[in-house]
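# Architecture and fold: a report
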Amino acid sequence: CLEQDGYEADDLIATYARLARQAGEEVVIVSSDKDLMQLVRNGVRMWDPLKQREIGREAVMERFGVGPELVRDALALIGDASDNVPGVPGIGPKTAAQLLQEHGSLEGLLANLAAIRQPKRREALEQNAERARLAYRLVGLDDRAPLPIALDDLARKAPDPQKLLAFFQANGFRSLVARVEQVAEAAADARTRADGAGGRP
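Treat the numbers as computed from the prediction; the structure is a model and nothing was measured.

Parameters and conventions
Residues numbered from 1 in each chain as written. Predicted model: local features only at pLDDT ≥ 70, side-chain atom pairs only at ≥ 80, totals over all residues. Heavy atoms only, no water. Patch = residues over 30% accessible without salt bridge, like charges linked within 9 Å, V, L, I, M, F, W, Y side chains within 5 Å. Areas by Shrake-Rupley, 256 points an atom, 1.4 Å probe, with all protein chains shown as cover. Salt bridge = Lys/Arg side-chain N within 4 Å of Asp/Glu carboxyl O. Helix = DSSP H or I, 4+ residues; strand = E, 2+ residues; numbered from the N terminus. Buried < 20%, exposed > 50% of the residue type's maximum accessible area, 1.4 Å probe, protein only. Phe/Tyr/Trp six-rings, centres within 6.5 Å; stacked < 30°, edge-to-face > 60°. Lys NZ or Arg CZ within 6 Å of the ring centre and 35° of its normal. Polar contact = N/O pair within 3.5 Å; in protein donor to acceptor, adjacent residues only side chain to side chain. Expected span 1.5 Å × (residues − 1). Contact = heavy atoms within 4.5 Å. Pairing = 2+ DSSP bridges. Axes fitted to C-alpha atoms, helices over the stretch in contact; angles between N-to-C directions. Parallel < 35°, antiparallel > 145°, perpendicular 65-115°, else oblique. Left-handed = near helix turned anticlockwise from the far one by under 90°.

## Concerning a nonpolar patch on the surface
Taken together, the side chains of L2, I149 and L154 present a nonpolar region at the surface, about 200 Å² in accessible area. Tracing the backbone shows L2 in the segment before α1 (9-22). Assessed through its relative accessible area of 31%, L2 is described here as partly exposed.

## Quick notes on the packing of aromatic side chains
Tallied over the entire structure, the rule returns three aromatic pairs. Through pairs of rings, three or more aromatic residues link up here, namely F167, F168 and F173. A cation sits over an aromatic face here: R72 above Y136, 3.8 Å from the ring centre.

## So, the environment of D11
Tracing the chain through its elements places D11 in helix α1. Overall, the relative accessible area of 10% leaves D11 in the buried class. Taking the C-alpha atoms as reference points, D11 and E185, 174 residues apart in sequence, are found 43 Å from one another. A distance of 2.9 Å separates the side chain of D11 from the backbone nitrogen of D142, its partner in a polar contact.

## Regarding α1
With 14 residues, α1 ought to run about 20 Å at 1.5 Å a step, and its terminal C-alpha atoms sit 20 Å apart, in line with that. Those residues of α1 that fall on the buried side of the exposure criterion are D10, D11, L12, A14, T15, Y16, A17, R18 and A20. Residues of α1 that are buried in the fold lie against β1 (27-30). Positive backbone phi, approximately 85 degrees, marks G24, located one or two places after α1.

## A few points about the sheet that holds strand β2 (residues 44-48)
Overall, mixed pairing links the three strands, which are arranged β1-β2-β3 in an open sheet. Whereas interior strands pair on both sides, the edge strands pair on one side only; in this sheet they are β1 and β3 (53-55). In this sheet, neighbouring strand axes are inclined to one another by 30 degrees on average, regardless of whether the strands run parallel or antiparallel. Both β1 and β2 contribute to a ladder of four bridges, which runs parallel. If you follow V30 over to β2, its bridge partner there is W47.

## So, unusual backbone geometry
One non-glycine residue, Q52, lies in the positive phi region at around 50 degrees. Note on placement: Q52 falls in the loop between β2 and β3. Among the residues examined, Q52 registers a relative accessible area of 52% and is labelled exposed. Phi is positive for N84, close to 60 degrees, though the residue is something other than glycine. Here N84 is to be found in the loop between α3 (71-78) and α4 (93-103).

## A look at the pairing of β2
Each regular strand displays side chains that alternate between the two surfaces of the sheet. With burial as the criterion, only one face of β2 is covered, namely that bearing V44, M46 and D48; the residues R45 and W47 on the opposite face remain uncovered. Counting the residues in the hairpin turn of β2 and β3 gives four residues, including Q52, whose phi is positive at 50 degrees.

## A closer look at the environment of I149
Within the secondary structure layout, I149 lies in the loop between α7 (129-139) and α8 (161-170). Each C-alpha atom, one on I149 and one on Q4, is 9.9 Å from the other, the two residues being 145 residues apart in sequence. Those residues within four positions of I149 in sequence are excluded, and the remaining contacts are L2, Y16 and L154.

## Quick look at the packing of α3 against α4
One way to put it is that α3 packs onto α4 with a least axis distance of 9 Å and a crossing angle of 130 degrees. Here α3 lies oblique to α4, going by the angle between them. Pair α3 / α4 crosses with right-handed handedness. Only P93, A96 and L100 of α4 make contact with α3, whose side of the interface consists of D73, A74, L77 and I78.

Take a look at the structure:
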């Protein structure tokens with residue numbers, strides 16, 4: 001469990017994902033959070049633990065109608081009530097996707113409002129341009145967050161059988177206690193055999 005004052009969990013995930021890719025690692029983000037879909041790219045995918053399915057570029061396209069590189073722009077237009085992020089009234093996912101496909105980005109859209117043929121839509125965008133820019137800032141992820149633990153220190157290590165046993169015993173995990181004891185005994189037997197073999201002429 002990692003946390004850093006002044007940063008959201010998504011910022012830490014974005015930063016670890018960037019550093020892991022730079023180190024040549026494949027990244028799998030276990031989450032169904034739509035904000036994190038902007039991180040999906042070559043070598044970075046998501047796994048939805050509820051639906052038990054992978055979220056790659058195609059799944060993001062299916063969800064938003066645009067690729068991961070425009071998810072932030074789409075969320076800025078649509079908004080997100082669950083995160084208290086304002087959007088542009090009357091702009092839903094399909095309209096947002098259409099506008100972004102036509103104009104390339106949120107700023108590209110806002111710079112070409114005169115090209116919007118529907119008067120109500122054009123007016124909504126004109127009146128809420130700053131609101132959309134605020135939403136864009138809010139849904140953005142900071143992939144340069146200071147990290148509480150270095151990436152290399154997160155490498156999976158072999159468990160300490162004694163610590164595991166003490167934890168499992170204290171919490172009443174009887175079947176796990178038996179399994180850890182079996183593994184510890186097997187490891188001890190293997191060491192004894194190796195020592196015996198090493199002592200032979």
